[in-house]
Amino acid sequence: MGLRAYIIRRLLLMIPTLIGVTLLIFGVTQLFSPYARASIYMTSPAQYRDVDLIIAKYHLDESFLIQYKTWLEELLRGNLGISKSLDQPVVKVLLKRFPASLELVIFSLPITIFLGIYLGVKSAVHRDKAIDHVTRTVSIIGWSLPTFWLAILLLAALYAQTGWFPPERLGSAANAVVRSVDFVRYTGLNTIDGLLNGQLWITLDALRHLVLPVTTLTIVQIALIIRVMRSSMLEALNKGYMVTARAKGLSESAVINKHARRNALIPVVTVSGILAAGMLTGVVITETVFALHGLGEFAAFAATQLDIAAVLGFALLSGVVFVFANLIVDIAYAYVDPRIRLG
Amino acid sequence: MNIKQRLNEFRKGIGPTIKELKFMISRMKKSPLSIVGAAILVFYIAIAILAPVLAPPTSWDPYMIPREGYRAEPQAPSEKHIFGTAQGQYDIFYGCIWGTRTAFRIGFLVVLSAVAMGIVIGVISGYYGGIYDEVMMRFTDVIYAFPGLILVMALVIAVPVTFRFHIGPSMLIIAGFIACFIGVSIGSERSRLRLALVLLGLGLVATAIATAVFPGQMYLTLGSLMSVRFTPLDKVMLALVVVGWPTYSRVMRGEILRVKQEDYVEAAKAVGCSDARIIFRHILPNSIYPLLIMASLDIGAIVLTAAALSFLGLGAPQGYADWGQMISFSRNWIAVRGNYYWFTWLTPGLFIFIFVLGWNLLGDAFRDVSDPTLRRR
């Protein structure tokens, strides 16, 4: 099977999973009474008079399948209900909050992956040496640290104590400029918009505010990559082809980088899916501590306000994002390791 | 066969398992990190047991943290409150000590329930395969399609506070035993119906016991209509179980698929053993231990997730002794220049961190030891 056939098959397999995702989220709404479900679609408390009309309009008291059909139609039309905590349509809020979260992940993901691979390889090559012990200790500590506590520690040390890296997305001066009419928001990402508008200082300010959140996410996530890379590298180093490569007289760096590391990378690609999940949950906590006003902070805030529509909307979105992330991981996996496609 | 003979046979039967465990323990003893992990856990167990001595409760509910007035501003450590007080004058020392019990309770209950569920479902889907397997795998796929914490968040706010069952727990237990009895007495030796009934019965009994163990209040009204009232913490545990069991049931399924191919299972089938006998006497004893150890080492991760939820304000109710909540109390006092309120987040955070570190150190050492490709070098 060629790569293209594999991708097509994988895309088809994604459909039932996506249906399952929507079914589960819809199933959760069924835990509420029709009245509570109607409140998802209410725009103001005054509408409570018309609650029966709303129930009738969205078929909220009919059978599971009819309700599911209506709900799915509304979903495809981009109607996830009204967020009670912010008094706005959920989809609108999600779209508005998306860039802040994206910016965080864009910076943190590459650092996590490349640094993690580098440290994992170093750790395996020098097994049981000082660097191995240090790396393993750091990774196990990173794995055990509560994300929110690490964020607090960093904030205390590097902001409250020294004032270097403040929380929130931008300082007040930069915020005023970004909110003004002249500033065109091409992407919503402050770092890129600053460059596109020719205002370098805004980019720098945004970067300064990103240091702590990105560090937090990276430290918590990198542990996984280091662990997987280390163990698969250890396995690769014991393979027969290593002996062959050395016997051929290749240099040590060629043996490690070309023969061992390449083969050891495959499991890392597989766990990247877990990494995506970790990023999505990490975003919730990191944004809450650093007041980044992204998706995650919105979801956490909405949950404390019992804002059902918002939380379920966010859960649905992250489910879909995660399914697509796994799709990309699988395709990358098939690309890296041709044996997968044949199976 | 008298008891002594049976005992001997039992000893002989589990001999290899014991030997394997001894080997693992001897390997783990050589790794300094696992010793540290074990020591940490012993320390926490001691705290949990000695909680009433270390921090004597002052009210009828020992899990509610005593407070010294209602002022918002946290007070620095003093002789009376050696860790200081949090926002709202909750005693941090008391919260940390009794929070240890909360952590163990959450960890053990969630792992126990998730493993029990995982084993039952994993056994059915692995042993019988076919449609059971397909349904189970698709269902776990859907659960896996969500990042854990986010699904837990959604479930926590969606689970209603009061849940009405139309049968009381006693009825549930009776029904369970009846189902077991019918299952054992009817059907041929190898019928699926029989096993299904026995499993259903055991499941019902387990549910009844679980609802009794969960510290929610239970009302047994007339007409045997039972309603369970979930405390916020119960909802967190319930959500964690829902999200956690698929992992265990997949591991269980994989193990069963492996063991099913063994000659001794074929032999047992050939002699005409019932499905239940094959599962309970031949398959489970040979496949369950790795799962149990793996699951028990997950307690750290579960406590971490529960703490994160409490930090977000979705876990324990206000004033309940819980580490995550202790830190969420400090949320308004973090980014204060000069770190004047360091005591509000430093100590509770250390309690969580070291607890999880202990479990992870043990788990790490165990994974190294149990990996056959690495360990005998």
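### Description of the overall build of chain A
- Each helix and strand counted, chain A has 15 helices and two strands in total.
- In terms of its C-alpha atoms, chain A occupies a principal-axis envelope of roughly 85 × 55 × 40 Å.
- Once local pairs closer than 6 in sequence are excluded, the contacts in chain A between residues at least 24 apart make up 70%.
- Total accessible area on chain A stands at roughly 16200 Å², and carbon and sulfur atoms take up 66% of it.

### Topic: the domain arrangement of chain B
Residue and element names in this part refer to chain B.
- The domains assigned to chain B are domain 1 (1-30), domain 2 (31-161 + 231-370) and domain 3 (162-229).
- Here the C-alpha centroids of domain 1 and domain 2 sit 29 Å apart.
- Between domain 1 and domain 2, roughly 720 Å² of surface is buried when both sides are summed, and carbon and sulfur atoms account for 74% of that area.
- At the junction of domain 1 and domain 2, the tally comes to zero salt bridges.
- Viewed at the interface, domain 2 and domain 1 are joined by zero residue pairs in polar contact (both at pLDDT 80 or more).
- Considered class by class, the residues forming the side of domain 1 that touches domain 2 number three nonpolar, one polar and three charged.

### Describing the interface of chain B and chain A
- Taken together, the contacts link 43 residues of chain B with 52 residues of chain A.
- Carbon and sulfur atoms supply 77% of the area that chain B and chain A bury against each other, a total of about 4300 Å² over both sides.
- Where chain B touches chain A, the interface holds two salt bridges.
- Of the charged contacts in the structure, one is a salt bridge between Arg227 of chain A and Asp364 of chain B, with a shortest N-O distance of 2.9 Å.
- Linking chain B with chain A are six residue pairs in polar contact (both at pLDDT 80 or more).
- Those elements that provide at least two residues to the side of chain B that touches chain A are α4 (130-144), α5 (148-158), α11 (299-312) and α13 (342-370) of chain B.
- Top contributing element to the side of chain B that touches chain A by residue count: α13 of chain B, with 13 residues.

### Here's the deal with the environment of Trp333 of chain B
All names here are of chain B.
- Inspection of the secondary structure puts Trp333 in the loop between α12 (323-329) and α13.
- When the C-alpha atoms of Trp333 and Glu73 are compared, they prove to be 8.7 Å apart, with 260 residues separating the residues in sequence.
- Each residue touching Trp333, except ones within four places of it in the same chain, is listed here: Ala72, Glu73, Pro74, Gln87, Tyr341, Thr344 and Trp345.

### Remarks on unusual backbone geometry
Residues and elements named next belong to chain A.
- Located in the positive-phi region is Asp128, a residue other than glycine, with phi close to 65 degrees.
- Relative to the elements of secondary structure, Asp128 occurs in the loop between α5 (90-125) and α6 (130-144).
- With phi around 65 degrees, Glu168 is a residue other than glycine that occupies positive phi space.
- The exposure class of Glu168 is partly exposed, given its relative accessible area of 38%.

### Some points on a negative patch on the surface
- On the surface, a cluster of negative charge is contributed by Asp50, Asp52, Asp61 and Glu62 of chain A.
- Secondary-structure assignment places Asp61 of chain A in the loop between α3 (51-57) and α4 (64-76).

### Things to note about a nonpolar patch on the surface
Residue and element names in this part refer to chain A.
- Taken together, Ile8, Leu12, Ile15, Ile19, Leu23, Phe64 and Leu65 make up a surface patch of nonpolar side chains, about 660 Å² in accessible area.
- Among the secondary structure elements, those contributing two or more residues to the nonpolar patch are α1 (3-29) and α4.
- Looking at where Ile19 falls in the secondary structure, it is placed in helix α1.

### A look at empty space enclosed by the protein
All names here are of chain A.
- Counted according to the given criterion, the structure contains four cavities of 30 Å³ or more.
- Contributing to the lining of the largest cavity are 18 residues, with Phe26, Thr29, Ile40, Tyr41 and Trp71 lying nearest its centre.
- Top element by residues in the lining of the largest cavity is α4. It accounts for four residues.
- Its residues assigned to classes, the lining of the largest cavity shows 10 nonpolar, six polar and two charged.

### Observations concerning the domain arrangement of chain A
All names here are of chain A.
- When cut into domains, chain A gives domain 1 (3-83) and domain 2 (94-166 + 214-338).
- In this structure, domain 1 and domain 2 have C-alpha centres spaced 33 Å apart.
- With 20 residues of domain 1 in contact, the opposing surface of domain 2 contributes 19 residues.
- At the junction of domain 1 with domain 2, the criterion picks out one salt bridge.
- Of the charged contacts in the structure, one is a salt bridge between Asp330 and Arg10, with a shortest N-O distance of 2.6 Å.
- The interface formed by domain 1 and domain 2 holds two residue pairs in polar contact (both at pLDDT 80 or more) in total.
- The set of elements that each furnish at least two residues to the side of domain 1 that touches domain 2 consists of α1, α4 and β1 (82-83).
- Looking at which element gives the most residues to the side of domain 1 that touches domain 2, the answer is α1, with 13 residues.
- Its residues placed into classes, the side of domain 1 that touches domain 2 shows 15 nonpolar, four polar and one charged.

Parameters and conventions
Residues numbered from 1 in each chain as written. Chains lettered and ligands numbered in written order. Predicted model: local features only at pLDDT ≥ 70, side-chain atom pairs only at ≥ 80, totals over all residues. Heavy atoms only, no water. Helix = DSSP H or I, 4+ residues; strand = E, 2+ residues; numbered from the N terminus. Contact = heavy atoms within 4.5 Å. Areas by Shrake-Rupley, 256 points an atom, 1.4 Å probe, with all protein chains shown as cover. Domains from an automatic or database assignment. Buried area = accessible area lost by both parts, 1.4 Å probe. Salt bridge = Lys/Arg side-chain N within 4 Å of Asp/Glu carboxyl O. Polar contact = N/O pair within 3.5 Å; in protein donor to acceptor, adjacent residues only side chain to side chain. Nonpolar A, V, L, I, M, F, W, Y, C, P; charged D, E, K, R; others polar. Buried < 20%, exposed > 50% of the residue type's maximum accessible area, 1.4 Å probe, protein only. Patch = residues over 30% accessible without salt bridge, like charges linked within 9 Å, V, L, I, M, F, W, Y side chains within 5 Å. Lys, Arg positive; Asp, Glu negative; His and termini not counted. Charge placed at Lys NZ, Arg CZ, Asp CG, Glu CD. 1 Å grid on protein atoms, 1.4 Å probe; cavity = no way out; pocket = protein on both sides within 12 Å on 5 of 7 lines; lining within 4 Å. Points joined across faces, edges and corners; volume = space filled by probe spheres on them.

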